[in-house]
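# Report on the structure
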Amino acid sequence: MIPAFNEAEALPSFLAEIRASFAAVGRSVTLIVVDDASTDDTSSAAAPLADVVRAPVNRGHGPTALAAYAEGLRSGAGTIVHVDGDGQFYGDDIARVAVALDRAEADVVHGVRRGRTDPWFRRCLSGLVRFAVMLLCGRSVPDVNTPLRAYHPDTLQLLVDGVPDGALVPHVHFSIAEARERLRVRYVSVESIPRRGAVSQGTMWGAGRTRVVLPPGRLVRFAARAFAELWRVDIRGPRRGRARISGRDAALRG
C-alpha cells in the first residue's frame, strides 16, 4: 500500500525495485498506489506497475495513508505492507519487513529507520513524540511514526477502527494502540535513504530547498494540530476500537 503525492519521477523505478525484491524472496506482491490528487503525472507513471486509486481531492498524508490501508483490507491480502511513495527505502528492506511478519510470529512489524539525515527540528519532534508515547504506554517504540509497516489483516482492522477518519498521524495512533495492548511487535532495522527524484525533501519542508535551518511555518502548524489530535484521541478522549488481543507475548526485538 503506497500513498503518493507528486511522485511521478520516483515511482516507476521504486515500484520496479519493490517487485524485484519480492520476487527474489519468492513472494508475489500486488502494488496499490493511492494518489492524493497529485498535480503531476503520478497516476500515469505508476499505472504500468501498480493498481492506482486516485483521490478526487488532496487530503494530506494521514488520510491518504488510511485510504491506502483500506484498499489493502479490501484486497483480501494475507499480509498488508505500507510504505510511502517517496522511495526512501530499499526494496530489499521492504521485502524483509513483509517476510518477518510470518517468520517472527508477530502481529506487527515496524521498519526502524537508520541513518536518517533529517533537519534538527524534525529529530527533536520525533524524540518528543517517542518520549510522550513511552510516558503514555510504559513502553519504548524505536520509530513511532515509521511509514514502513507490515500487518495481518485482522490486526490492522482493529487498529484502523480505533483511528478517526481523516487522522493526521495515523501511524502514531497505531503505535500507541500497539504498545498499550502489548501486541507482538517485531522491529527490523532498515536503511533510510534520500528521497528519490529531483526534490530531496518532502513537501512539508518546502519545495527544493537543500538546507533548512528553521522549521517551516507549515510544519509548525501541522505539529500543533497533530499534538492536539493525539491529546483528543489517545489521552483525553475514548479510545474507540482498541485492539483487545489477549495472551500476547512480550514484544519481539529483531
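The text that follows walks through the structure, step by step, so that each part is easy to find.

About the cut-offs
- Residues numbered from 1 in each chain as written.
- Predicted model: local features only at pLDDT ≥ 70, side-chain atom pairs only at ≥ 80, totals over all residues.
- Heavy atoms only, no water.
- Phe/Tyr/Trp six-rings, centres within 6.5 Å; stacked < 30°, edge-to-face > 60°.
- Helix = DSSP H or I, 4+ residues; strand = E, 2+ residues; numbered from the N terminus.
- Buried < 20%, exposed > 50% of the residue type's maximum accessible area, 1.4 Å probe, protein only.
- Expected span 1.5 Å × (residues − 1).
- Contact = heavy atoms within 4.5 Å.
- Lys, Arg positive; Asp, Glu negative; His and termini not counted.
- Salt bridge = Lys/Arg side-chain N within 4 Å of Asp/Glu carboxyl O.
- Polar contact = N/O pair within 3.5 Å; in protein donor to acceptor, adjacent residues only side chain to side chain.

### Some remarks on the packing of aromatic side chains
In this description, a pair of aromatic rings is defined by centroid distance and the angle of the planes. Overall, the coordinates contain three aromatic pairs when judged by the stated rule. Residues Tyr 69 and Tyr 151 carry aromatic rings whose centres are separated by 6.0 Å and whose planes lie at 75° to one another, so their mutual orientation is edge-to-face. Within this pair, whereas Tyr 69 is found in helix 3 (residues 61-75), its partner Tyr 151 is found in strand 6 (residues 149-151), the two being separated by 82 residues in sequence. Accessibility expressed as a relative area gives 0% for Tyr 69, which makes it buried. A relative accessible area of 0% means that Tyr 151 is categorised as buried. Relative to Phe 174, the ring of Tyr 69 lies with its centre 5.5 Å away and its plane at 55°, an arrangement referred to as tilted. With a gap of 105 residues between them, Tyr 69 in helix 3 and Phe 174 in helix 7 (residues 170-180) connect regions that are remote in the sequence. As far as the burial class goes, Tyr 69 and Phe 174 line up, both buried. Connected via pairs of aromatic rings, a cluster forms that spans Tyr 69, Tyr 151 and Phe 174.

### Some remarks on helix 4 (residues 91-103)
For helix 4, which comprises 13 residues, the first-to-last C-alpha distance of 19 Å matches the rise-based estimate of 18 Å (1.5 Å per residue) to within 8%. If you check which residues of helix 4 are buried, you get Gly 91, Asp 93, Ile 94, Ala 95, Val 97, Ala 98, Val 99, Ala 100 and Leu 101. Buried residues along helix 4 sit against helix 1 (11-24), strand 4 (80-82), strand 5 (108-114), strand 6 and strand 7 (185-191). Phi turns positive one or two residues past the end of helix 4, at Glu 105, with a value near 50°.

### Let's talk about the side chain of Glu 229
Here Glu 229 shows up in helix 8 (residues 217-236). One buried charge, Glu 229, has no salt-bridge partner; the nearest side chain with opposite charge is Arg 232, at 4.3 Å. Within the structure, Glu 229 has its side chain in polar contact with the backbone nitrogen of Leu 168 (distance 2.9 Å). If sequence neighbours within four positions are ignored, Glu 229 has contacts with Gly 166, Ala 167, Leu 168, Val 169, His 173 and Asp 234.

### Here's the deal with the pattern of salt bridges
For the structure on display, the rule yields ten salt bridges. Between Glu 17 and Arg 196 there is a salt bridge whose closest N-O contact spans 2.9 Å. Taken as a pair, Glu 17 in helix 1 and Arg 196 in the loop between strand 7 and helix 8 lie far apart in primary sequence, 179 residues in all. Each of the salt bridges in this network shares a partner with another, and the network as a whole consists of Glu 7, Asp 86 and Arg 195.

No statement about biological role is implied by the geometric values presented.
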